[in-house]
Amino acid sequence: MAYSEDHIALAAEYALGTLDADERTQVEAMMSVDKDFAALVEAWGRKLGVLNEMVGLVEPRPEVWEKIRVAIGSSVAQEALVLPEAPRPVVAAVVANDNADEAAARAEAVAASANVIVFSRQAQRWRNVATGMTAIAAVLVAMIAVQAYRPELLPDGLRPKPLPQVAQIPAPAPLSAAAQAQYVALLQTDATSPAFILTVDAVTKNFTVRKVGASQQPGKDYELWIVSDKLARPRSLGVIGSNDFTTRAALAAYDPDTVNQATYAVTVEPEGGSPTGQATGPIVYTGKLIETVPSTR
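Predicted model, so just to flag it, every value in this text is computed and none were measured.

**A closer look at helix 1 (residues 5-16)**
The end-to-end C-alpha distance of helix 1 is 16 Å, a good match for the 16 Å that 12 residues give at a rise of 1.5 Å each. If you check which residues of helix 1 are buried, you get D6, A9, L10, A11, A12, E13 and Y14.

Here it is in structure tokens:
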């Protein structure tokens, strides 16, 4: 069913809550007998209810209520709307005394006055609806601005949730082919009797000696040497400790070719190592490095 603008404005004001008691009674009576009109009121309630739900409840401070009470008490009561009086039942006598032209003029004046009153009420209803929706929109704009710039002023339920920050960590640069290689040497007297396992880290050139079958001699120490045709004489890499593992950084001074192609020897020296910097005891174990982890080509 098609409704006039007056009916639509009534439905919107009813949903907005700006009608007086008589107008609300009129709308509720129409809703009870007209299901289509009731559906129109419900539709306006849904439209305005969505905006209302987006606005959080804020309890005014006590001083605000006091100012409202003072303003109401000091304000002058609004004068009641005075409508033109309906013509009394003496029209017949007036018509009898006046001519037909004067009676027609009076009837047109009364009709024009009624139209002005109806149009005025329609305009007032639409102004109320527009004012209410403008106020809600202004509150929403204010809330959005506060959420963007001063979220700490809002209650906890209305504060925007912080966005998770995703940190991007660059992938480590791949090691060079030489750096990825690993080398091991078995230091032994024969193929069946390994005494030490020498492991060389190609990245740092640190080496680790693991004791396997060698037995510690009293008053003596084992000392590791690097032997290469690129060196004038064997160079000491330090005493092998009495623990199962001994780690040194003594190969850092040699180039990769020298480290990879050299022969490694173990001698028996006085406790604390050779006193002269040269091998003084017999060579008991030897070995050469082999590549155990192939380099990436």
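Following the structure, the description resumes.
**Looking at the packing of aromatic side chains**
Counted by the stated rule, this structure contains four aromatic pairs. Their ring planes at 75 degrees and their centres at 5.8 Å tell us that F196 and Y285 sit as a pair that is edge-to-face. Of this pair, F196 sits in strand 2 (residues 194-201) while Y285 sits in strand 8 (residues 283-288); the two residues are 89 residues apart in sequence, bridging distant segments of the chain. For F196, a relative accessible area of 0% puts it in the buried group. With a relative accessible area of 14%, Y285 lands in the buried category. Taken together, the aromatic side chains of F196, Y222 and Y285 make up a single cluster linked through ring pairs. Sitting over the face of the ring of W44, K47 holds its NZ or CZ atom 5.1 Å from the ring centroid.

**Describing the side chain of S274**
Looking at the secondary structure, you find S274 in the loop between strand 7 (263-270) and strand 8. Reaching out from S274, the side chain makes a polar contact with the backbone oxygen of Q278 at a distance of 2.4 Å. Those residues in contact with S274 that lie beyond four places of it in its chain are E223, W225, E269 and T280.

**So, a nonpolar patch on the surface**
Side chains of W65, I68 and I72 sit close together on the surface and give an oily, nonpolar patch of about 300 Å² of accessible area. Relative to the assigned elements, I68 resides in helix 4 (residues 62-74). Note on I68: relative accessible area 37%, which makes it partly exposed.

**Re the packing of helix 1 against helix 2 (residues 21-33)**
Remark: helix 1 packs on helix 2, axes separated minimally by 10 Å, with the N-to-C direction vectors making an angle of 110 degrees. For the element pair helix 1 / helix 2, the angle class is roughly perpendicular. Residues H7, L10 and Y14 of helix 1 pack against R24, Q26, V27, E28, M30 and M31 of helix 2. Looking at side-chain class alone, the contact of helix 1 with helix 2 contains five nonpolar, two polar and two charged residues.

**A short note on the pattern of salt bridges**
Applying the stated criterion across every chain yields a total of three salt bridges. R46 is the salt-bridge partner of E42, the closest N and O atoms lying 3.4 Å from each other. Linking E42 with R46, this pair stays in helix 3 (residues 35-53), spanning four residues, or about one helical turn. When sorted by exposure, E42 lands in the same class as R46, which is exposed. E63 serves as the salt-bridge partner of R61, at 2.8 Å between the closest nitrogen and oxygen. Using a relative accessible area of 53% as the deciding quantity, one classes R61 as exposed. Using a relative accessible area of 40% as the deciding quantity, one classes E63 as partly exposed.

Criteria and thresholds
- Residues numbered from 1 in each chain as written.
- Predicted model: local features only at pLDDT ≥ 70, side-chain atom pairs only at ≥ 80, totals over all residues.
- Heavy atoms only, no water.
- Helix = DSSP H or I, 4+ residues; strand = E, 2+ residues; numbered from the N terminus.
- Expected span 1.5 Å × (residues − 1).
- Buried < 20%, exposed > 50% of the residue type's maximum accessible area, 1.4 Å probe, protein only.
- Phe/Tyr/Trp six-rings, centres within 6.5 Å; stacked < 30°, edge-to-face > 60°.
- Lys NZ or Arg CZ within 6 Å of the ring centre and 35° of its normal.
- Polar contact = N/O pair within 3.5 Å; in protein donor to acceptor, adjacent residues only side chain to side chain.
- Contact = heavy atoms within 4.5 Å.
- Patch = residues over 30% accessible without salt bridge, like charges linked within 9 Å, V, L, I, M, F, W, Y side chains within 5 Å.
- Areas by Shrake-Rupley, 256 points an atom, 1.4 Å probe, with all protein chains shown as cover.
- Salt bridge = Lys/Arg side-chain N within 4 Å of Asp/Glu carboxyl O.
- Axes fitted to C-alpha atoms, helices over the stretch in contact; angles between N-to-C directions.
- Parallel < 35°, antiparallel > 145°, perpendicular 65-115°, else oblique.
- Nonpolar A, V, L, I, M, F, W, Y, C, P; charged D, E, K, R; others polar.

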